[in-house]
Amino acid sequence: MDASAERVLEYLTEVEEAAEDVLSDKQQIIELDKKRNSNREALNVLRKDMSGDDKAKVCLGNMFIRFPKDKTRQMIENDQEQLDREICDLRNRLKDKVNRLNELQGKPELEGYNLCPLSNEEMKAISSILRT
């Protein structure tokens, strides 16, 4: 194989690896989001449960165990916080990976892609300004 064909092959391989990395991160975000939604449903069921029983059945692996509802709720809330952190980290890394992929393909950097949401303090300041 001549040198130019080899460079083209290396370039295509690098672009393909970057694209695969982006797709795998997107798929991981989707899977974590599904788990987060399941946890949210479980928390709603625990809140609305009117039975006098203090324990709830929790599926751990392939078996059900009865746990106190308070501990169950705390476990799910902790899991939710962990999932939120993981999803946020993946989304932040995904931005860099998409920019790298665009750079490899010779496309310009995405406009408005690096926006950050307003913090609570910023929202309060805007609300106070709009009220006056």
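Residues numbered from 1 in each chain as written. Predicted model: local features only at pLDDT ≥ 70, side-chain atom pairs only at ≥ 80, totals over all residues. Heavy atoms only, no water.

1. A short note on the overall build of the protein
A tally of helices and strands in the protein yields three helices and two strands. A globule of 132 residues ought to have a C-alpha radius of gyration of about 14 Å, yet the protein, at 23 Å, is considerably larger. Dimensions of the protein, computed from the C-alpha atoms along their principal axes, are close to 75 × 55 × 15 Å. Per-residue burial for the protein yields a buried fraction of 19% across its 132 residues. Summed over its atoms, the accessible surface of the protein is roughly 10400 Å², and 54% of this surface lies on carbon and sulfur atoms. Positive and negative side-chain charges in the protein, numbering 23 and 28 respectively, have mean positions lying 10 Å apart. (Helix = DSSP H or I, 4+ residues; strand = E, 2+ residues; numbered from the N terminus. Rg over C-alpha atoms; globule rule 2.2 N^0.38 Å. Buried < 20%, exposed > 50% of the residue type's maximum accessible area, 1.4 Å probe, protein only. Areas by Shrake-Rupley, 256 points an atom, 1.4 Å probe, with all protein chains shown as cover. Lys, Arg positive; Asp, Glu negative; His and termini not counted. Charge placed at Lys NZ, Arg CZ, Asp CG, Glu CD.)

2. So, the pairing of strand 1 (residues 55-60)
Two elements, strand 1 and strand 2 (residues 63-68), share six bridges in a ladder whose sense is antiparallel. Considered in strand 2, the bridge of V58 is made with I65. Taking the residues between adjacent antiparallel strands as the criterion, strand 1 and strand 2 are bridged by two residues, where G61 takes a positive phi near 70 degrees. (Pairing = 2+ DSSP bridges.)

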